Amino acid sequence: MELTCPKCNQNTAIESSFEVKSFGCSHCNSFFTYNNSKLKFEKAYDYSPKDTILKIGTKGIIDGETYEIVGLIIKKAHAIYYWREYTLMSKSGKVKYLSETDGHWILLEEVPESYDVSRKYKKLTHKEISYNLYEYTDTFIARIYGFYEFEISGRPVKMVEYINPPFIISIEEFDNDDTTYLGKHISSSEVKKIFNVSQLPSKSGVGLVQPFLFNIFNTLLVFISFAILILATYIFFNMGRTEKNVLYTSLNFDEYKNKEFISSSFDLKGSPAPLVVSASSDVNNSWANAQVSLVNEATNEEEYAQKDIEYYSGYTDGESWTEGSTSTTFNFCGVAQGKYHLVIIPSKQDTDTSNQTMNIKAVWNESSVWNFMLSLVFLGGIFAIIFFLKKNFEQRRWENSDFTPYTE
């Protein structure tokens, strides 16, 4: 099917065939009605967009069926908002509609349901899915391209939109007749694939029914599942486990002066846990020092720690005071199962002649719940970030609606 514009003598052609009642020239701004095989000029639109993006006659495959773009109406609302609505027709006569606003796309089709929206109900239920009122306004035509099988009026059309991303219910009322459309967000990459185009407008802001990157409910279920799995793993590897004393000895400073004490080997079995080393000595206004190495006998890897024991006391300005302690404790964190031994070098202050020994105790504790709790905190933190990003995303979606559920 092909028509020549009487104003600019340019042809507009499509392969689809149907009874045309309205025609907009693709090359100039003229709009015509079509009766008795004749074009009647109705008006010239003064709105001139930079690009129609998708041309009249462009074909694409949707759900395995070839559709052709037969028409495009650019609409406006609130005097400043513009969007494109493409009409797509298949060879079998099926019709779909593709809407584009600020680089965001929605694919719609007409549905038979009819709804009373005269009272601006905040909720609408369609096939057991609840939708929220987003828009209730009059729309106007800014430009028409291509072929239409119905007469297009220049009068405003009431548009009511309910959303539940990625879905939308759009209702148009004109002369007491209403038409309902069901739509779903479609990504730019899908549109490119359908019509085999490489360039589309870049996205701006949040689309009307653009879905958030994550489904919050599903994400929460996944995080809860991970938490349960981590807990089950912790319980499985630590069921019936108790702390294990691997060393308790008293070391004489004179015997081990400049000499290492090497403990007997010990086997650790189970999930990683801290090895807690406690050292004590009868220091009094003096210090002692414990140098401890944990040696993995399978790999010869060493972990080294050094700790001072200091205790001082006195009487100054009529008051007694103390500082320090005669004991200390330190950890080798996350010691995995395996065969180990300890290498210890005790030392003390040379002037301390009364202190003779240092007591060393080493215990491989029950596996700490710290890793489990840290995992929960990490998962909770990630979920909190996702939740606040989702909230910000939704606030941006609703910022231009008079029916936003979000307050300032």
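The shown structure was predicted, so the numbers you read here are calculated from the model rather than taken from an experiment.

Cut-off values and rules
Residues numbered from 1 in each chain as written. Predicted model: local features only at pLDDT ≥ 70, side-chain atom pairs only at ≥ 80, totals over all residues. Heavy atoms only, no water. UniProt positions renumbered as here; feature names shortened; annotations may be inferred. Helix = DSSP H or I, 4+ residues; strand = E, 2+ residues; numbered from the N terminus. Phe/Tyr/Trp six-rings, centres within 6.5 Å; stacked < 30°, edge-to-face > 60°. Buried < 20%, exposed > 50% of the residue type's maximum accessible area, 1.4 Å probe, protein only. Lys NZ or Arg CZ within 6 Å of the ring centre and 35° of its normal. Patch = residues over 30% accessible without salt bridge, like charges linked within 9 Å, V, L, I, M, F, W, Y side chains within 5 Å. Areas by Shrake-Rupley, 256 points an atom, 1.4 Å probe, with all protein chains shown as cover. Salt bridge = Lys/Arg side-chain N within 4 Å of Asp/Glu carboxyl O. pLDDT = per-residue confidence, 0-100. Arc of directions from axis to C-beta. Contact = heavy atoms within 4.5 Å.

Q: Help me understand the UniProt feature "domain: DUF4178" (unreviewed entry) in the protein chain, please; the structure alone is not making it clear to me.
A: In this structure's numbering, the residues bearing the UniProt feature "domain: DUF4178" (unreviewed entry) are residues 55-187. Helix makes up 0% of residues 55-187 and strand 69%, and the two end C-alpha atoms of the span are 19 Å apart.

Q: How do you make sense of the packing of aromatic side chains when you look at a structure like this?
A: A ring pair, where both rings are aromatic, is described by two values, the distance of the centres and the angle of the planes. For the structure on display, the rule yields 16 aromatic pairs. Arranged with centres 6.3 Å apart and planes meeting at 65°, the rings of F212 and F214 form a pair that is edge-to-face. When its relative accessible area of 16% is taken as the criterion, F212 is described as buried. Judged by relative accessible area, F214 falls into the partly exposed class, the value being 37%. Joined through ring pairs, the aromatic side chains of F23, F32, F41 and F147 make up one cluster. Over the ring of F41 we find K7, and its NZ or CZ is 4.3 Å from the ring centre.

Q: Which parts of the structure should I look at to understand a nonpolar patch on the surface?
A: Judged by side-chain polarity, V369, W370, M373, L374 and L376 come together as a nonpolar surface patch covering roughly 470 Å² of accessible area. Relative to the helices and strands, W370 resides in helix α3 (residues 370-398).

Q: Just to check I follow, could you spell out the environment of P272 for this structure?
A: Within the secondary structure layout, P272 lies in the loop between β18 (266-268) and β19 (273-281). Classification of P272 as partly exposed rests on a relative accessible area of 41%. Each C-alpha atom, one on P272 and one on D317, is 51 Å from the other, the two residues being 45 residues apart in sequence.

Q: What should I look at first to understand the confidence of the model for the protein chain in this one?
A: Note: predicted coordinates in regions of low pLDDT should not be interpreted at a detailed level. Averaged over all residues, the pLDDT of the protein chain equals 92, while 98% of them reach at least 70. Averaged over each element, pLDDT in the protein chain is lowest for helix α2 (residues 216-238) (85) and highest for strand β10 (residues 104-111) (97).

Q: Sorry, what's going on with helix α1 (residues 188-195) here?
A: Every α-helical turn comprises 3.6 residues, leaving residues that sit three or four positions apart pointing alike. Among the residues making up α1, those that are buried are S188, V191, I194 and F195. The buried residues of α1 occupy one face: seen down the axis, they fall within an arc of 120°. Among the exposed residues of α1, those oriented more than 90 degrees off its buried face are S189 and K193. As for α1, its buried residues are in contact with β6 (59-62), β7 (65-77), β8 (81-90), β9 (95-101), β10 and β15 (177-186).

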